[in-house]
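Now for the letters of each chain:
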Amino acid sequence: MVPLSRLMDRLPARLSTKFVAASIVISVLFVSLGMYSVDASRRSFQQSVGEESIDLARQFALSVDRGIYTKLHELAIIALGRNIVNELNASNAAFDAMADPEAYIDAADAEWISVPADEVTPFMSEILANNLSRDLTVRLETHYITEHGIDMYGEVVVTNKYGAIVAMTLRTTDYRQNDETWWQTTRDQTHHVGDVEYDMSSAMYGLPVCYSVLGPEGEFLGIIRAFVGAVELVTETQFEAEHFESTEVKIVSANGSMIYSSTAYRMFEDVSAREYMAPIEEESGYYISVEGDRERLYAYTTFPGYLEYSGQSWIVIMSHDAEEVLMPVTVVSQRITGASFILLSVFVAVAFSLSSSVTRPVSRLRTAAARMARGELKERVDVRTKDELGELGRAFNDMASELEDMYGDLETKVAERTREVDAANEKLHILGSITRHDALNQLSIIRGWLSMIEEGLNDPQMHEYIAKVITASETLEEQLKFTGEYEKVGVTRPDWVDVNLALDTSLPGLELRGATVVNGLADLVVYADPMFPKVLRNLAENSVKHGKGTKRISYSYHEVPDGLVITVEDDGGGVPLDKKAKLFDRVRGESGRVGYGLYLSRAILNITGITVKETGTLGVGARFEIQVPKGKYRISRSSARDQRK
Amino acid sequence: MCTVFIILILIASPMLFERATVKVGVLVPLTGASAYLVDVRDGMTMAAERLNRWGGINGVEIELLIRDTESDPAVAVEAFQELERDEKPLFYISTMSHLTIPISPLAEEAQVMLVGVVTSAQNLTEGRHWTVRFYSNAQDEVDATMHTLGVLGVTDLGVVYGWDEFSVSAHALMSEQFQASGGTIESVQLDTIDSDARDEVTSLLDREAVFICTTAAFMPDALRCLRENNYSGHILTASGGTSNIVRDIPESEGMYVAAPAMYNENYLPAKWLSEEYEARYGRPLTHYASCGYDILYLISGLMRDRELTRDNVHDAIEEGFVFSGTTAPLQVDPGSHDIGFDLLSARISEGRLWYL
């Protein structure tokens, strides 16, 4: 694992960037931690609300079951009353006395169902108006309307032991009731609560609640059945379950039919395929699903029953809008997000401030060091802090003072030595110049006298000797002239030379013997000895002098990986192979005279590290490649113009 | 260039940030004789705000486009036309029979659901496909009143009824049924909206009971007149008698009224709404307000997971439903255009309603 400090060292960035990057990384870590905490809190809170909602749903289911039980209990109390027992005893006795009570019931039933549902026969009116019917109306129906504001009961019916109606609060659909499942179940089990159904007589959805009426000896006397409105029943308990503003409650049967909803719904609508039903698998649970394009937190549980009432196989589903439920966490999340942004901003600002407090002195040190490198030894940095950077600045200033002192001594010494060398050089120059001048004068005098002697002599042998003396004197003259030129090399400091201009100004006066010069050196500037133009002229002069019928001399340049090459080439047949090796040496030519041109050229070029070599092909032409290292040339019209200026 | 771009952005920004809403046209008299129905607006406003807090209808915010019909049918028609032209609401809520009946043909033509609240005229929805009633009808008013008369044993009844569609239809039903039950009846009608009920009522002082079969606006004057003339018989009113403008006057003491069950203090669904409403508006919750509240919740529930179109609103109501509202539990059969609730016999005593 790479240490963080080493990783930072490897980053190709400025200190300030590293500081800011580090601060962003740290703050992002903080923010991520915050977000993780919020997410964990959200999940935890969701679990807490989910479990609380399961409890609420369970309480709600229990309330509904208790409500149903209460209705059962109300019927049980009525069933124990003397009024109903007496009425049933009387009715049963009357039916017992009949020869064929079943036939009577069938006949009455046939007549009953033959009458339209909205009509009431005198027989029906008689039952509706009897004491028991009126008592049931008051005790059950009227009570709930006046005391609870709810029309809880639909139809309430009492049958005798034969299943014939003895009392009723509404006109029932038929007279015989013992052919109904609820009647038989109630007779067998004392009490019965049916599932939700639509009751024609009551014109409402509800569930039948039935209780057997028994005599003093426990004998079966008949059954009281009340139809309890499903919505009305749940409406009473729904209020207690509203925990959040967006709370909704649904009751769904085991096969996925909607039985109740606190929102508008269609009774018995199949909702089993709804998205919110999919996660319901166990006895209870909670989950988040979507309904009406909104995320909601759902909790569900089955109905537990109450006392001897075992409950229905329904599922209660309680849901709340997820946004409302998770509002506390959302508020915290928003606060953490806001704080994170503030934290991030502060981190970045502090990082900027810190980095600039570090990088500004460092930058000043770097600038001062660069100036010192350029020789500005009086450069010092302004030290204001007392930290490590302040110490570094003071150390730098101390070092600069030391260097200034040392360099001051050195400069003095160099100046003294330079003056001494200059004086000596001047003396040597004057001595060489006078000597060379005097020697050349004396050589002229010698050659004059030798010419006069030669004219007066007839001996061929003497002519030959004199010619050799003249040649020797001419060689001596050239050597003296070379020393004059060579003496100039390196005397003046190198400078940027416009090569194109140098070629143009060096060629005038040169006998080109019909050869054409092509100047392809535009825009090129090289750092060279001021005698650089002589090199260009010397190469042209050699092409004309040594080439065989040279017609074209071209100057061009091109860049190579390690610098730039100036090419001077001609079509004069080239340099013989045996002469290439010593081409740049001081050598004596076939005429017996010593060639100094290329030697001098190479010396001029070498002053600034420029090299030259001949790469021509014999039979084609000579080709000189002047290799200019990087940093010693520029290619730019502007730079060339600048240099000219 | 940059400036032009910024200006364009500023011009376009309202369009960019304009959010879709479920528009509901609400035509309610906030001024004029029926201004007491401001309760409907307030109930709807509470429902819309509460629904909007948690996603409106299917995640789309509800926008109530409330227009004052000034208790004037012509203004109501203009308001409907203006909304239909400019806003195209998903559905309309209108109050009062005489203000809703003129709009009904326009709603039929525009094929948009018009829900009448506090609209008891028996014929409101007859032959209509796009008009439904969310209120008890004239028959419900008569049933409750007949029950009261039965309990009181009244056989000689005087009726004062208004000129509007509700009063006329309720009176017709009352006359028919009361006479069918063996009673005698004498009726007087208020000619216009500006009629002084006092003059009409004095002719009924010799009756065993007087039934004020008008909208709530006319009841206070009629009541005062009866009390001032020391009328000793029973006074009965239609459900308008439960409104604050009637219940709050001392002359209402001992009066019988046809009332929805929600005024029962043990009726839990209305309890929390009552507390919240009173805290917010400083007056007791009425069934007008709870109806306004319920209708928005009802349609919100019916439109759950349905595309919000006018046809779907129509279909959702047509399919029938069950709804446990704050006014009453409702069970509506498929195809029915009467979303009604029963009225019960009640008596006003010390400003409170006692059910018989």
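The shown structure was predicted, so the numbers you read here are calculated from the model rather than taken from an experiment.

## What to know about the sheet that holds strand 15 (residues 352-355) of chain B
Hydrogen bonds along the backbone pair up the strands of a sheet, which may run parallel or antiparallel.
Residues and elements named next belong to chain B.
Piece 1. Across the sheet, 7 strands lie side by side as 7-6-8-9-10-14-15; this open sheet has mixed pairing. On the outer flanks of this sheet lie strand 7 (184-189) and strand 15, each paired with one strand and no other. Shown here is a sheet whose adjacent strand axes are inclined to one another by a mean of 30°, direction ignored.
Piece 2. Both strand 8 (residues 209-213) and strand 9 (residues 234-237) contribute to a ladder of 4 bridges, which runs parallel.

## Let's talk about the interface of chain B and chain A
Piece 1. Taken together, the contacts link 30 residues of chain B with 30 residues of chain A.
Piece 2. Elements supplying a minimum of two residues to the side of chain B that touches chain A: helix 2 (38-53), helix 11 (269-281), helix 12 (287-302), strand 11 (321-324) and strand 12 (329-332) of chain B.
Piece 3. For the side of chain B that touches chain A, the element with the most residues is strand 11 of chain B, which contributes 4 residues.
Piece 4. Of the residues assigned to the side of chain B that touches chain A, the class counts are 14 nonpolar, 9 polar and 7 charged.

## Comments concerning unusual backbone geometry
Piece 1. Notably, Ala203 of chain A is not glycine yet its phi reads approximately 55°, a positive angle.
Piece 2. A positive phi angle, near 65°, is found at Asp305 of chain B, a position not held by glycine.
Piece 3. Among the secondary structure elements, Asp305 of chain B is positioned in the loop between helix 12 and helix 13 (310-318).
Piece 4. Looking at Asp305 of chain B, the number of C-beta atoms within 10 Å reads 11, which means it is exposed.

## Let's talk about the confidence of the model for chain B
Piece 1. In the predicted model, chain B carries a mean pLDDT of 91, and 93% of its residues have values of at least 70.
Piece 2. The ipTM assigned to the predicted complex is 0.89, against a pTM of 0.70.

## Considering the sheet that holds strand 15 (residues 552-560) of chain A
Residues and elements named next belong to chain A.
Piece 1. Taking strand neighbours across the sheet as the criterion, the 5 strands line up as 13-15-16-20-19 in an open arrangement whose pairing is mixed. The outermost strands of the open sheet, each flanked by one partner alone, are strand 13 (516-519) and strand 19 (611-614). Going from strand to strand, the sheet's axes swing by 20° on average, the running direction of each strand aside.
Piece 2. Across 8 bridges, strand 15 lies against strand 16 (residues 563-570) in antiparallel orientation. Of the residues in strand 16, the one forming a bridge with Glu559 is Leu564.

What counts, and at which threshold
Residues numbered from 1 in each chain as written. Chains lettered and ligands numbered in written order. Predicted model: local features only at pLDDT ≥ 70, side-chain atom pairs only at ≥ 80, totals over all residues. Pairing = 2+ DSSP bridges. Helix = DSSP H or I, 4+ residues; strand = E, 2+ residues; numbered from the N terminus. Axes fitted to C-alpha atoms, helices over the stretch in contact; angles between N-to-C directions. Contact = placed C-beta atoms within 7 Å. Nonpolar A, V, L, I, M, F, W, Y, C, P; charged D, E, K, R; others polar. Buried ≥ 20, exposed ≤ 12 C-beta atoms within 10 Å, placed from the backbone. pLDDT = per-residue confidence, 0-100.

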